[in-house]
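# Commentary on secondary and tertiary structure
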Amino acid sequence: MECVFGLVGDGFALVAADTSAVHSILVHKSNEDKVMILDSHKLLGASGEAGDRVQFTEYIQKNVHLYEFRNGIPLTTAAAANFTRGELATALRKNPYSVNILLAGYDKDIGPSLYYIDYISTLHKVDKGAFGYGSYFCLSMMDRHYHSGMSVEEAIKLVDQCIMEIRSRLVVAPPNFVIKIVDKDGAREYAWRESIKDTAEVSAA
Amino acid sequence: MARYDRAITVFSPDGHLFQVEYALEAVRKGNAAVGVRGTDTIVLGVEKKSTPKLQDSRSVRKIVSLDTHIALACAGLKADARVLINRARIECQSHRLTVEDPVTVEYITRYIAGLQQKYTQSGGVRPFGLSTLIVGFDPYTGVPALYQTDPSGTFSAWKANATGRNSNSMREFLEKNYKETSGQETVKLAIRTLLEVVESGGKNIEIAVMTKEHGLRQLDEAEIDAIVAEIEAEKAAAEAAKKTPSKDT
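Residues numbered from 1 in each chain as written. Chains lettered and ligands numbered in written order. Predicted model: local features only at pLDDT ≥ 70, side-chain atom pairs only at ≥ 80, totals over all residues. Heavy atoms only, no water.

- Per an unreviewed UniProt entry, the recorded name for chain B is Proteasome subunit alpha type, and the organism is Canna indica.
- Quoted verbatim from the Function (unreviewed entry) field of UniProt, the annotation for chain B is "The proteasome is a multicatalytic proteinase complex which is characterized by its ability to cleave peptides with Arg, Phe, Tyr, Leu, and Glu adjacent to the leaving group at neutral or slightly basic pH. The proteasome has an ATP-dependent proteolytic activity." (UniProt positions renumbered as here; feature names shortened; annotations may be inferred.)

- As recorded in an unreviewed UniProt entry, chain A goes by the name Proteasome subunit beta, listed as coming from Canna indica.

See the structure below:
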């Protein structure tokens, strides 16, 4: 029931993901951050098997950092996406990773970009993408309301509409979402959309 | 292949490892490098031997980052340095991946020194011909540290040290003039030490300053020239004061 979706706007790219960590019928936590800040100007939203997700994305992050230290310059978003796809492809026919990824980034002379990378190493450069059962609803909403060059406000409105659809139409809908944004000023958390807050500390009697 | 198992680094009758000592000779021929630890700043300085006119000097970086909080300068065989630096950078990321924590300065120094030692006790290889000065801030305590390694694989922590060409004179100067400094004073001390053995001027020195907040920052030529000018002015003032003793009793 994990949902990750993203889109490209005017000079920025967004990735939103649900924040539930589920094991069979138990919800371990509902504030699990699945959108990793890959480097200063890249976001990596991942969904899939919990162990694989963390293992694979951290591995990619450390290799992206290593490249930057070795070469004194960061990878472009396209290069990072192709590297990620390559690692998935190499592992595919031995120990496949069950991780679906949306990689968003901002490059100085190229602008924002979004890459769709699924667990069998499909790589597509896209304007909007989504994974999981939520994708059935998100893609339809985005097909209807997305246009290129959206402002941040318009894009967040669309993201909220997608989250609304997921919450109302998906049978075991995740309650909380995190939205992260990347633009010329870098990658950062934009907002959380919480309908269930983890209980605050019990105040001392 | 059996032919190449023979160790190159073997003991001499009087207990010396000549290959290691020859490696130290190679270090002594390398460019001068100095490191100074302040209370909140650590400075690395390296002599820039005259760059050929057609060479792009930006491609010859002698002070490198190993991680966001660790930097390294070295003296000796630069090609050997590339190999060690690459291994250290991989280890920094690998450590972050396995234990989700950045390396401490001591850990990465120990790692590099361990690598250097391995090559004094393996078949068919020669030791690395370089000594390194490794600086950084402890990621948890924020305490600055300066370490030195050499081709034998020994390492130790220092308040200030020098290696490479004329390192003895630089170390003597540091022993005489070291005191706890911070900020710009630490930078000045490092530059003054280098100026003892290097021709004065921004284009002959490369300086990098590491602080906890801003990580490693390479100073550009203009900045270095300005500080060198300050130092020369201070020296001149001190000389003048010596020559005209105060008339009051």
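### Description of the sheet that holds strand 6 (residues 42-48) of chain A
Residues and elements named next belong to chain A.
- The five strands are arranged 5-6-7-8-9 in an open sheet whose pairing can be described as antiparallel. Unpaired on one side and paired on the other, strand 5 (35-39) and strand 9 (123-126) mark the two borders of the sheet. Going from strand to strand, the sheet's axes swing by 25° on average, the running direction of each strand aside.
- Judged from the seven bridges that link them, strand 7 (residues 99-107) and strand 8 (residues 111-117) form a sheet pairing that is antiparallel. (Pairing = 2+ DSSP bridges. Helix = DSSP H or I, 4+ residues; strand = E, 2+ residues; numbered from the N terminus. Axes fitted to C-alpha atoms, helices over the stretch in contact; angles between N-to-C directions.)

### Some words on the layout of surface pockets
- What the largest pocket holds in volume is close to 1000 Å³.
- Lining the largest pocket are 38 residues, with Phe69 and Arg70 of chain A together with Val64, Ser65 and Arg89 of chain B sitting closest to its centre.
- Those elements that place two or more of their residues in the lining of the largest pocket are helix 1 (50-71) of chain A together with strand 3 (63-67), helix 2 (78-99) and strand 10 (215-218) of chain B.
- Of the residues that constitute the lining of the largest pocket, the class distribution is eleven nonpolar, 13 polar and 14 charged.
- What lines the second largest pocket is a set of 22 residues, among which Glu2, Ser20, Ala21, Val22 and His23 of chain A lie closest to the centre.
- Residues of the lining of the second largest pocket, tallied by class, amount to eleven nonpolar, five polar and six charged. (1 Å grid on protein atoms, 1.4 Å probe; cavity = no way out; pocket = protein on both sides within 12 Å on 5 of 7 lines; lining within 4 Å. Points joined across faces, edges and corners; volume = space filled by probe spheres on them. Nonpolar A, V, L, I, M, F, W, Y, C, P; charged D, E, K, R; others polar.)

### Focus: the pattern of salt bridges
- Overall, the coordinates contain 22 salt bridges over all chains when judged by the stated rule.
- In this structure, lysine 34 of chain A engages aspartate 18 of chain A in a salt bridge whose closest nitrogen and oxygen atoms are separated by 3.1 Å. Separated by 16 residues along the polypeptide, lysine 34 of chain A in the loop between strand 4 (26-29) and strand 5 and aspartate 18 of chain A in strand 2 (residues 12-18) bring together distant segments of the chain. Considered together, lysine 34 of chain A and aspartate 18 of chain A belong to a single accessibility category, that of buried residues.
- With a closest N to O distance of 2.3 Å, arginine 165 of chain B and glutamate 47 of chain B form a salt bridge. With arginine 165 of chain B in the loop between strand 8 (160-163) and helix 4 (167-177) and glutamate 47 of chain B in strand 2 (residues 41-47), this residue pair connects regions lying 118 residues apart in the sequence.
- The exposure class assigned to arginine 165 of chain B is partly exposed, which follows from its relative accessible area of 29%. (Salt bridge = Lys/Arg side-chain N within 4 Å of Asp/Glu carboxyl O. Buried < 20%, exposed > 50% of the residue type's maximum accessible area, 1.4 Å probe, protein only.)

### Focus: helix 2 of chain B
- In this model helix 2 of chain B runs 31 Å from its N-terminal to its C-terminal C-alpha over 22 residues, within 8% of the 32 Å that 1.5 Å per residue would give.
- Here helix 2 of chain B has its buried residues at Asp80, Ala81, Leu84, Ile85, Ala88, Arg89, Glu91, Cys92, Gln93 and His95 of chain B.
- Contact partners of the buried residues in helix 2 of chain B: helix 1 of chain A together with strand 3, strand 4 (70-76), helix 3 (105-118) and strand 5 (130-137) of chain B. (Expected span 1.5 Å × (residues − 1). Contact = heavy atoms within 4.5 Å.)

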